[in-house]
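Coordinate inspection notes
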Amino acid sequence: MSGDSNKSRLPPKMYVVDSDHNVQDHLEGTIHLQRGQLCQEQEGGGERGGRGDYLWVKVIDNGSVVKISKQVLRDVPSDLAGLLEPVQDLDARLGLLSRPHHLQQLASLPLGSEVWVFWNQSVEMPEAELRYRGPLTSGSSAVYFGVQLKGWAAGRGKSNGNYKGHQLFTCPESCGLVLAAHELSLYPLSRGGNASAHDHTQPYPSSSSNINPPPVNILSRGADSSLTVGQRVWFTQEESVHRGTVQFCGPLPGRPSSSSVYVGVLLDHAAGSWDGYYKDTNLCFIPSPEFGALLPLFRVNAETRSERSPPPVNYPKLPLSNKTAPLPPSTHNKDLSQSVSSTSRPLIHPGMLVTAKKALQPSTNPAPEVALKPPPLTTPKPALKPPTVPPNKPQAPPMSPSTGDSRFSNGFQNLPSPPISDQRAEPNTWLEVGSMVEVNDPPLFGVICWIGQISGIPEPVAGIELDQELSAATDGSYFGKRHFRCPANKGLFVKLQNCRRDSRFPAPEMTLNQVDRCNSIAFLNWSSERVDENTPPVLGQDALLLYEGFKKGIQGHLNSCYLDASLFSMFSCCSSFDWLLFWPTGPHHNPRSRSAQDLLRCEIVNPLRRFGYVCASKTMSLRKLLKAETADAGFTNEEKDPEEFLNQLFLLLQVEPLLKIRSSSPEPQECFIYQLFPPSISSSPPVSPIALSSPAACLVRVSSVQALLESSFMHSGLKLTEAPSCLPLLMPRFGKDFKMFDAIVPSLTLDITDLLDSAVRQCSICQTLAQWECVQCYEDDDITPGQFNQYCNICNEQVHTHKKRQAHKPTLIKVALGCWEGPVPGSRQLMDLFAVTCIETSHYVSFVKHGPQHTDWLFFDSMADREGGENGFNVPQVRACPEVGRYLRMTIDEISRLDAASLRDPVRRLLCDAYMCLYHSPELSLYK
């Protein structure tokens, strides 16, 4: 298509699914579309049927291309679709779509404008400056917003404007955030839910509207986050904040599990209209509809520690609903009372207020301040041990303040706290913005929102937002100079040295040594057994029964996925690498070699084949041996590549190389892994031995491993001196954004006959003994381009008599001694694919063939799930993946016509992210 026609072409129409709908696909079966999903009309996709008009559309959210009735689609302005695409919550997306004026304001907002961010679960919205608006990657239509946090939120962001190696904008470290449209507001929102008085447009629709407001806590929740029963929450409605306790959290009955999560709340005050039922199904116990509310998850926010208040328990004893519900069990009442007591906060002692009022002495000459940069939000180094704080409030006699330290004014308090020497020695080693602290005795509790220097006070000062109001406190200002924002009468300024860790909470755990943690008692429940008996691999359905499920395969730990995926690929369902386990070792061998072989055989391979699981402590032991052998500490804690691991493992085991390759030199070169180096597509003169589809024709650039291997050997002048038992091949990759091919199809069978140095080969024309081969003919469009061309004496003369090929330089083939007459036997040297290792965003996974059927494929991820937080455990998973077999049997031409965006995991990973393909010859592996 010409450039002029591209300019005049209108952008494709965009739609949103107006109601839940099922469509049938001949390949994928039933595809469920959810209300709120975005769709893009496909070119020439309109059809008129007997039952109405239909459109072929691509669903942006899942990549499916389906035919759907226009009746379930709603038009979306093309200039707004990009703003809606990043919004993953479908209800929030529909809420934004109902407010096109707000979206248009965001789309035209100048860079540098002031905006407000829905920050974590806090009602207070931090200020920010708009620094970037656009896509995150080239070619994407999704519009994101990059902001620089200001005020109290500065230093609590996630980046310096860099997103996955791309510098979208520049800002101080830990001050940048990348957000979607629903996570921004053009106007500040107070704790009461109202915009400030000077605003003329509410950031949310009014309560009388049917529009759901955008979520206020998306930044703090991951895909798997949800609230728990008994948790304290709050939400805004009718410009008021309502609080309560979660009684139900989950998808609604009769709706798919992937639909939006809803929360049932037992309110503190009579402001609701829900009785605990949904379509005749009792979700939870609500004593009266006036005390119940059912809301989408995005509208409900977990109460922070500073926001909690004791909920009243004087609910009506009898339900007013006409439906009967069983009374909650006694355990529920017990839990509720515990929740009430746990959320209450100590009241301010009256004597504290009297002391505060008497000590108020306004400063007569406040001097300008010099703000200090907030300390970084990092974990303290192990050398700087945080202070040990007893679980209860420290009991120390109150100190009488001296005349010079006993006054506080305009929110500044200088009353000393009980002395704790170990905390005051290095306060900045644990005190930072966001630290929960207490001051005075009886204590005042709060959160540090600002740390800086105030003129006239030689020591660092902390600005604290208190849990409870104090008449002497401010709103975060000190003599008219704002340092942070908080509600009135809750901002207090104290010397940093007078702050103590909040004694109501236990001290944070020390950072553990994750390398040694594998051998700690914490891994006891995740350990695996040693198996000394030689255990062959299982195949077919037995392999599926052994491996499938969670806590299967090899457990990942501390960036070990490169090693986990490689070992599972090599040993789980194939014995062709078993020669590594039995390679002869003697007294002259390195002691580490014998230890590594025993560890690999008895602690990893045999247990994997016997029980289907190996814990991370076993692989960590192997990583320690590699570290000791190579003096590379990165083997125990850093990301590596599979070929780096395998090369060092083979060297540690002191085994012979797998491959012997001859080039122009007489002596063959030995190696363990071969890297494919196909010729450059942009070479001059043009070289196109590999058939590539033109992107202009909306086709995918695809090649096969067979074509890549032949091309790499042919253009490098290489030959194998002998057929290998195993052949690990590295795919040509140049990073995520610089791939030579959109997809590489792992050939199920690899023919290496023509790559062998001394193999008997057939003439490409008459099938007699070939004696010549020609590299130039490999690139000739008239003679089967992209294939080996080898000729007997007669055919060689005939082919190169043509004037176009007179400049070719055929070379002699080494043939076995003897006289050949007639056709050469057509036996071929073939190798079978048995595993593929893939990489996506620095994480390796593997596909393994476990049986003879084309659908016998397993997918393995050593870090598929996580149990616990930073000091938790990775949960490995193996699952059946029969769908990839169908794609591996497709031709290059068929795959090139697929829409790459429509490929779903794990097929997309296999075709688009292949990193290493493992081939073997079972017959030859017996002799290795």
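The notes below deal with the structure included here.

**Some remarks on unusual backbone geometry**
Looking along the chain, the bond that leaves D905 and enters P906 is cis, with omega of 5 degrees. Structurally, P906 is set in the loop between α19 (892-896) and α20 (907-912). In this structure, L558 takes a positive phi of about 55 degrees despite not being glycine. Within the secondary structure, L558 sits in the loop between β31 (553-554) and α10 (561-571).

**Quick notes on the packing of aromatic side chains**
Evaluated as defined, the whole model comprises 13 aromatic pairs. Look at Y562 and F645: their rings are 6.1 Å apart centre to centre, the planes differ by 75 degrees, and that puts the pair in the edge-to-face class. Note that Y562 is positioned in helix α10 and F645 in helix α14 (residues 642-653), a separation of 83 residues in sequence. Residue Y562 is classed as buried on the basis of its relative accessible area, which comes to 0%. Taking 5.3 Å as the distance between ring centres and 85 degrees as the angle between the ring planes, the aromatic pair formed by Y844 and Y915 counts as edge-to-face. Within this pair, whereas Y844 is found in strand β45 (residues 843-849), its partner Y915 is found in strand β48 (residues 914-920), the two being separated by 71 residues in sequence.

**Section: the sheet that holds strand β37 (residues 719-720)**
Here three strands make up an open sheet; going across it, the order is β34-β33-β37 and the pairing antiparallel. With partners counted over all chains shown, the strands left at the sheet margins are β34 (669-671) and β37, one partner each. Sheet topology note: the strand β33 (residues 659-662)/β37 ladder contains two bridges and is antiparallel. Each bridged residue has a counterpart across the sheet, and for R662 the counterpart in β37 is K719.

**Side note on the sheet that holds strand β8 (residues 114-117)**
What the five strands build is an open sheet, ordered β13-β10-β9-β8-β14; its pairing is antiparallel. The open sheet has two free edges, formed respectively by β13 (176-179) and β14 (184-185), since each of these has just one partner strand. With two bridges connecting them, β8 and β14 associate as antiparallel partners. By the bridge assignment, V117 is partnered in β14 with L184.

**Examining the nonpolar core**
Membership of the largest hydrophobic core comes to 103 residues, with the highest contact counts inside it found for F577, L622, L709 and L729. When residues in this core are grouped by element, the largest group, eight residues, is from α10. By size, the runner-up hydrophobic cluster in this structure holds 42 residues, among which are L84, L103, C449 and I457.

**Re helix α15 (residues 705-716)**
Spanning 12 residues, α15 covers 16 Å between terminal C-alpha atoms, matching the ideal 16 Å at 1.5 Å per step. With 10 of 12 residues buried, α15 lies mostly within the body of the structure. Of the residues making up α15, those classed as buried are V705, Q706, A707, L708, L709, E710, S711, S712, F713 and M714. Count one or two residues on from α15 and you reach G717, which has phi positive near 65 degrees.

**Things to note about the packing of α10 against helix α12 (residues 616-630)**
Running from N to C, α10 and α12 cross one another at 105 degrees; their axes reach a closest spacing of 11 Å. Relative to α12, the element α10 is oriented roughly perpendicular. In this structure, α10 uses Y562, L563, D564 and L567 to contact α12, whose residues at the interface are T619, L622 and R623. In the contact of α10 with α12, the residues fall into four nonpolar, one polar and two charged.

**Focus: helix α11 (residues 591-611)**
In a regular helix each residue adds 1.5 Å, so 21 residues correspond to 30 Å; α11 covers 29 Å between its end C-alpha atoms and thus fits that length. Roughly 30 degrees is the biggest bend found in α11, and it falls at L600. Its side-chain oxygen at 3.0 Å from the backbone nitrogen of R592, N590 defines the N-terminal cap of α11.

**Re the side chain of Q706**
Within the secondary structure, Q706 is located in helix α15. Excluding residues within four positions of it along the chain, Q706 makes contact with S747, T749, L750 and D751.

**Some thoughts on the environment of T619**
Of note, T619 is situated in helix α12. Separated by 20 residues in the primary sequence, T619 and L599 have C-alpha atoms spaced 8.8 Å apart.

Quick notes on the rules
Residues numbered from 1 in each chain as written. Predicted model: local features only at pLDDT ≥ 70, side-chain atom pairs only at ≥ 80, totals over all residues. Heavy atoms only, no water. Helix = DSSP H or I, 4+ residues; strand = E, 2+ residues; numbered from the N terminus. Phe/Tyr/Trp six-rings, centres within 6.5 Å; stacked < 30°, edge-to-face > 60°. Buried < 20%, exposed > 50% of the residue type's maximum accessible area, 1.4 Å probe, protein only. Pairing = 2+ DSSP bridges. Core = buried A, V, L, I, M, F, W, Y, C linked by side-chain atoms within 4.5 Å. Expected span 1.5 Å × (residues − 1). Axes fitted to C-alpha atoms, helices over the stretch in contact; angles between N-to-C directions. Parallel < 35°, antiparallel > 145°, perpendicular 65-115°, else oblique. Contact = heavy atoms within 4.5 Å. Nonpolar A, V, L, I, M, F, W, Y, C, P; charged D, E, K, R; others polar. Bend = angle between axes of the 7 residues up to and from the residue. Polar contact = N/O pair within 3.5 Å; in protein donor to acceptor, adjacent residues only side chain to side chain.

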